[in-house]
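Architecture at a glance
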Amino acid sequence: MSRLSQSSLVAVLGPTNTGKTHLAIERMCAHSSGMIGFPLRLLAREVYDRVVALKGANRVALVTGEEKIIPKQAQWFLCTAEAMPMDREFAFVAIDEAQIGIDPERGHIFTDRMLHARGREETMILGSESLRPLIETLLPDAEIITRPRFSTLSYAGSRKLSRLPRRSAIVAFSLEDVYAIAEMLRRQHGGAAIVMGSLSPQTRNAQVKMYQDGEVDYLVATDAIGMGLNLDVTHVAFAALRKFDGRRRRRLTLAEIGQIAGRAGRHQKDGSFGTLSGLDSSDELQAEDIERLEEHRFPGLEWLYWRNAEPDFGSLDSLIGSLEQKPRRQRLHPAPEAVDLAVLKKLGQDPVVARDARSPEMVRLLWEAACIPDFRKVGADHQARFVASLWPHLASGSGRIPHARMAQEIARLENVQGDIATLGARIAAARSWSYIAQKARWVEQPEVMVERTRALESRLSDAMHSQLTQRFVDKRTRILMRGLLKDTLSQDVSIDGDGMVLVEGQEIGTLKGFQFVVPSDSRSEDRKMLLAAAERYLGRIMTENADALAKAPDSVLTLEPDATGTPAILWGESRLAMLTKGKSLLQPEIKFDHAIKDMTPEDGQKVMDRVKLWVDAMKAKHLDGLVKIDALANQPETPAAVRALFAQIVDAGGILSRREIDQAVRALDNDMRGHARRAGLVFGALDIFHHALMKPGAVLWRTALFAAYDAQPMIERTPDNAVHLKQDAFAAADNAPRLGFRRIGGEYIRVDMVERLIKQAHEARQKGAVFAIDPALATSLGLSQSCHEALLDLAGFVKTSDKPALVEPTIVAEGAAPAAAADKAKAEAEQPVVPDAAPAAEAPPAPETDDKPAEATADSNPTVEETAAVQYWRWKGMARKNNRDHGKNRGKPQKHAKGAPAKRKAEPVLATAGGAFAELAALRDSMKK
């Protein structure tokens with residue numbers, strides 16, 4: 001490009017939001033060819049995409065240090081300032097953000113482009129108003145055009161991060177601050193996008209798109225945001241007004257503050273700026289500073305940095321000397337030592353490198369290698385070592401880096417796993433190799449390496465965007481925070497088949513009946529917000545559910561123990577209430593869940609009324625007999641003795657050992673017994689119980705009522721319809737009777753089956769004083785022989801070695817019937833009475849068995865062989881509980897001296913026959929053989 005071109009030179013100056021970049025693009029596209037140099041690769045890529053849309057990809061080029069897209073027919077070039085091809089001629093040339101000439105590291109590049117880059121027909125310099133004095137001095141022939149800001153920029157003061165308006169950008173000057181602020185925004189507002197100059201264009205574009213599309217309402221950025229990026233920002237908040245510029249920590253100039261703050265507002269939309277609360281008082285903006293910022297009046301720049309753009313490559317020393325040469329023009333200052341010059345000096349101290357760099361061509365090559373950008377920000381020492389590792393390949397042989405070396409380095413970086421810092425380091429390293437791959441003379445297979453490094457950076461960028469989004473964006477929080485605003489628009493709320501509550505497609509929790517459950521992955525600080533959102537969004541749904549429950553059948557509710565064993569009333573998987581201790585066993589208190597109490601009073605009352613009705617219905621269904629006994633116990637017309645008996649039975653849950661209330665039962669007369677029969681009680685030899693309480697539903701409700709009344713976890717229930725348990729499965733002694741079982745030895749038998757076995761034994765007694773008991777029924781129930789014998793012993797039967805007497809047939813003469821009848825009556829009077837069983841229509845069915853016992857008849861006399869294998873029994877009677885017996889020996893078989901029969905007077909047994917109670921006399925000694 002001719003540096004002596006006589007093209008028109010225009011300097012377009014003004015604050016941000018003046019459309020300077022847009023004007024340059026329009027002017028470039030109006031020419032046959034053109035080039036614009038930008039301060040950032042990100043901005044170059046953004047404008048490249050815009051021009052491609054206008055001119056077509058085959059005629060537009062992108063040239064940066066790490067990326068080159070140059071079609072053969074390319075006419076319009078979008079470049080970073082450093083990568084501008086100064087040896088080509090263009091009809092139009094522009095340099096953007098020319099005031100960066102004041103930057104210590106890169107300023108000399110922008111100064112050179114402003115002084116020497118010229119278009120054949122038109123040249124345009126874009127910058128802030130602070131450039132005016134320098135333009136007037138250094139480029140007196142330039143036409144200066146001032147572009148006014150399209151909108152108003154005003155100071156909004158200092159605000160807390162939580163109080164920032166939507167569409168705000170927060171500017172920080174360190175990586176740590178950027179991440180810390182983004183993390184706080186995620187917690188408070190649902191997240192933020194990240195924009196930093198070190199990000200790859202792909203990552204930056206993805207983050208910006210997320211912000212521009214409204215997926216997040218906040219942006220956290222470094223001062224790169226002030227470099228011409230076009231963003232829809234309403235407010236700019238400074239997290240600090242000081243930054244480290246590579247040499248020292250200093251306060252931002254007013255021009256720098258104005259450059260960044262000016263990003264607030266877009267076209268004709270006003271913007272504001274301010275600071276975050278907590279800023280050091282010494283850094284706060286003063287009134288005069290605020291006035292200048294609002295009016296875009298900044299002190300003019302007095303000088304720019306300069307470095308010789310045409311150094312002497314005669315030798316290494318002459319190169320360094322020419323780069324350190326001082327400018328001869330006023331308003332130009334020598335540039336501080338940049339990283340590239342520092343790297344060159346360190347390389348020159350290496351004897352091997354210095355030996356190779358003796359010819360002008362090798363000196364030029366060494367300088368080109370030293371100019372590899374320090375993308376990793378590791379400093380001159382580390383960067384020099386990296387360049388030195390490449391130098392032997394560049395300085396000898398083919399002058400190319402071996403393909404294997406580059407492939408190995410690229411492969412080492414292809415891992416997309418890791419945190420943000422790890423991925424950032426890999427992207428920086430990938431950018432270095434992308435830069436090297438663009439040097440076709442340095443690489444053995446440049447096209448392959450360019451494609452590989454581009455693909456590598458793309459994959460790492462995708463991973464980085466994913467990590468940034470995962471760490472700093474919470475879409476659920478963002479949606480809910482928007483929804484909780486007073487002026488928010490209505491949002492789409494839905495509940496899927498599993499009860500998941502979705503707001504704008506984001507899960508906020510699960511609705512189980514009336515209980516809203518926040519997601520398990522929610523942070524503790526998010527719970528309050530999620531519950532507030534549920535209250536806002538689910539009011540209508542709660543009302544609909546309350547109405548549905550009020551009309552639903554009883555089958556939709558269930559009673560189950562919760563995780564702590566407390567009896568809970570559930571609607572599906574949602575807990576509505578718990579049963580706790582009330583006035584009595586049958587009157588538990590219903591303690592409703594907080595979710596019910598948090599509903600509106602009307603809806604909550606519907607749910608509570610329905611649950612109370614259901615509890616009453618379930619007690620009537622499963623515990624009807626017990627409820628009736630309780631009612632009789634509280635009726636004045638019920639005899640006092642019966643009320644006392646019924647009260648004890650109700651307190652015991654409908655199953656009580658007979659020994660416990662023997663005296664109370666003996667006190668009942670015939671009328672009182674009628675009350676008991678009508679209540680459905682079974683007075684067995686060992687237990688008194690209600691025949692309907694053996695059903696699974698009754699067992700469930702009885703155990704739940706006991707758990708509530710005792711404030712203990714529910715007893716673990718036995719399998720439904722189980723009648724025999726071989727092992728001790730109960731944690732406490734009183735658990736067995738509460739589940740309807742009696743312990744016999746080491747086994748447990750359901751009480752109704754116990755009475756059935758005892759009844760079978762009493763029926764066998766009708767055959768004589770010595771009799772056999774068919775074991776088939778006990779076997780079908782699964783009882784062991786020892787358990788069956790212990791049960792019979794407890795019921796008053798004792799094994800004997802005697803054999804039953806042979807019964808001779810008796811011929812009754814005519815007319816002897818009366819005497820025979822008398823003998824029969826006498827015999828019946830001497831026989832014990834069999835205990836009452838449950839009514840025939842309601843008694844539990846006998847267990848089925850394939851081995852049915854043969855019927856025993858009066859004339860079935862066993863043979864000698866048969867009697868040898870059969871066990872015989874006698875009736876000895878059951879001992880009553882006396883005042884000194886406190887239940888210590890309950891359920892234990894009586895012990896006798898070894899080999900000697902029991903020497904105690906048989907006590908009468910209390911039993912029922914034909915519905916009447918009677919005392920039984922002991923067997924007489926004459927009944928023995």
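You'll find the structure just up there.
Throughout what follows, the structure given in this document is the object of discussion.

1. What to know about the overall build of the chain
Assigned secondary structure in the chain consists of 32 helices and 37 strands. Counting over 929 residues, the chain shows a buried share of 49%. Here the analysis covers contacts within the chain between residues at least 6 apart in sequence; of these, 71% occur between residues at least 24 apart. Accessible surface computed for the chain: about 44,900 Å², of which carbon and sulfur atoms make up 50%.

2. Here's the deal with the packing of aromatic side chains
Counted under the stated rule, the structure contains 10 aromatic pairs. Aromatic side chains F771 and F797 sit 6.1 Å apart centroid to centroid with 90° between the ring planes, which places their arrangement in the edge-to-face category. With a gap of 26 residues between them, F771 in strand β33 (residues 771–772) and F797 in strand β34 (residues 797–800) connect regions that are remote in the sequence. The buried category is assigned to F771, whose relative accessible area is 2%. The rings of F771, F797 and W875 are connected pair by pair, giving a single aromatic cluster.

3. Thoughts on the nonpolar core
Formed by 69 residues in total, the largest nonpolar core has its most connected members in I170, L344 and I436. Apart from the residues lying within four places of it in its own chain, the contact partners of I436 are I372, F386, L390, I401, W442 and V443. Ranked by size, the runner-up nonpolar core spans 68 residues in total, among them M542, V642, L700 and M714.

4. Describing empty space enclosed by the protein
Per the counting criterion, the structure on display carries four cavities of 30 Å³ or more. The space that makes up the largest cavity amounts to roughly 100 Å³. Every residue lining the largest cavity is counted, 14 residues in all, and those nearest its centre are V699, T718, P719, D720 and N721. A per-element tally of the lining of the largest cavity places helix α26 (residues 696–710) first, with three residues. Split by residue class, the lining of the largest cavity holds eight nonpolar, two polar and four charged. The computed volume of the second largest cavity comes to approximately 70 Å³. In this structure, the second largest cavity is lined by G14, P15, T16, S128, A255, G258, Q259, G262, H296 and F298. Looking at side-chain class alone, the lining of the second largest cavity contains three nonpolar, seven polar and no charged residues.

5. Brief notes about the pairing of strand β24 (residues 567–571)
The element β24 is extensively covered by neighbouring structure, given that five of its five residues are classed as buried. Here β24 shows two buried faces, one formed by P567, I569 and W571 and the other by A568 and L570. Pairing geometry for strand β23 (residues 557–561) and β24, over five bridges, is antiparallel. In the sheet register, L559 faces β24, and the bridge partner there is I569. The loop that links β23 with its antiparallel partner β24 comprises five residues; one of these, G565, has a positive phi angle of about 85°. As paired strands, β24 and strand β25 (residues 574–584) are joined by four bridges and run antiparallel to one another. Across the sheet, A568 pairs through a bridge with M578, a residue of β25. Here β24 folds back onto β25 in antiparallel fashion, the turn holding two residues, of which G572 has a positive phi close to 65°.

6. Some words on the sheet that holds strand β12 (residues 218–221)
Picture the strands of a sheet paired through backbone hydrogen bonds; they go either parallel or antiparallel. Pairing within the open sheet is parallel, and its six strands lie in the order β9-β16-β13-β10-β12-β11. A single partner strand is all that each edge strand has here, and the edge strands are β9 (153–159) and β11 (193–195). Across the sheet, the mean angle from the axis of one strand to that of its neighbour is 25°, orientation sign disregarded. The sheet contact formed by β11 and β12 spans three bridges and is parallel. Counterpart to I194 in the pairing with β12 is V220. Running at roughly 135° to β11, helix α6 (residues 201–212) makes contact with β10 (168–171), β11 and β12 of the sheet.

7. Some remarks on the pairing of β12
Of the two faces of β12, both are covered, the one formed by Y218 and V220 as well as the one formed by L219 and A221. For β10 and β12, the ladder comprises four bridges, and the chain directions are parallel. Paired with V171 across the strands is A221, a residue of β12. Viewed along the sheet, the connection from β11 through α6 into β12 turns out right-handed.

8. So, helix α28 (residues 751–765)
Between the first and last C-alpha of α28 there are 21 Å, a value that for 15 residues agrees with the 21 Å anticipated at 1.5 Å per step. Of all the 15 residues making up α28, 12 are buried; the element is thus mostly covered by neighbouring parts of the structure.

9. Brief notes about the side chain of E747
Note on placement: E747 falls in strand β32 (residues 747–750). The charged side chain of E747 is buried without a salt bridge, its nearest counter-charge being K726 at 6.6 Å. A polar contact is formed between the side chain of E747 and the side chain of H724, at a distance of 2.5 Å. Of note is the side chain of E747, whose polar atom sits 2.5 Å from the side chain of S784.

10. With respect to the pattern of salt bridges
Applying the stated rule across the entire model yields 46 salt bridges. A salt bridge links R106 to E82, with the shortest nitrogen-to-oxygen separation between them at 2.8 Å. Here R106 is found in the loop between β6 (92–95) and α3 (107–116), whereas its partner E82 is found in the loop between β5 (76–80) and β6, with 24 residues between them in sequence. Residue R750 is joined to D752 by a salt bridge in which the shortest nitrogen-to-oxygen separation is 2.9 Å. Both residues of the pair, R750 and D752, belong to the buried class. Bridged by salt links that share partners, the residues R41, R45, D49, E66, E67, R431 and E457 form one connected network.

Rules used throughout
- Residues numbered from 1 in each chain as written.
- Predicted model: local features only at pLDDT ≥ 70, side-chain atom pairs only at ≥ 80, totals over all residues.
- Heavy atoms only, no water.
- Helix = DSSP H or I, 4+ residues; strand = E, 2+ residues; numbered from the N terminus.
- Buried < 20%, exposed > 50% of the residue type's maximum accessible area, 1.4 Å probe, protein only.
- Contact = heavy atoms within 4.5 Å.
- Areas by Shrake-Rupley, 256 points an atom, 1.4 Å probe, with all protein chains shown as cover.
- Phe/Tyr/Trp six-rings, centres within 6.5 Å; stacked < 30°, edge-to-face > 60°.
- Core = buried A, V, L, I, M, F, W, Y, C linked by side-chain atoms within 4.5 Å.
- 1 Å grid on protein atoms, 1.4 Å probe; cavity = no way out; pocket = protein on both sides within 12 Å on 5 of 7 lines; lining within 4 Å.
- Points joined across faces, edges and corners; volume = space filled by probe spheres on them.
- Nonpolar A, V, L, I, M, F, W, Y, C, P; charged D, E, K, R; others polar.
- Pairing = 2+ DSSP bridges.
- Axes fitted to C-alpha atoms, helices over the stretch in contact; angles between N-to-C directions.
- Right-handed = clockwise from strand over helix to strand, strands pointing away.
- Expected span 1.5 Å × (residues − 1).
- Lys, Arg positive; Asp, Glu negative; His and termini not counted.
- Salt bridge = Lys/Arg side-chain N within 4 Å of Asp/Glu carboxyl O.
- Polar contact = N/O pair within 3.5 Å; in protein donor to acceptor, adjacent residues only side chain to side chain.

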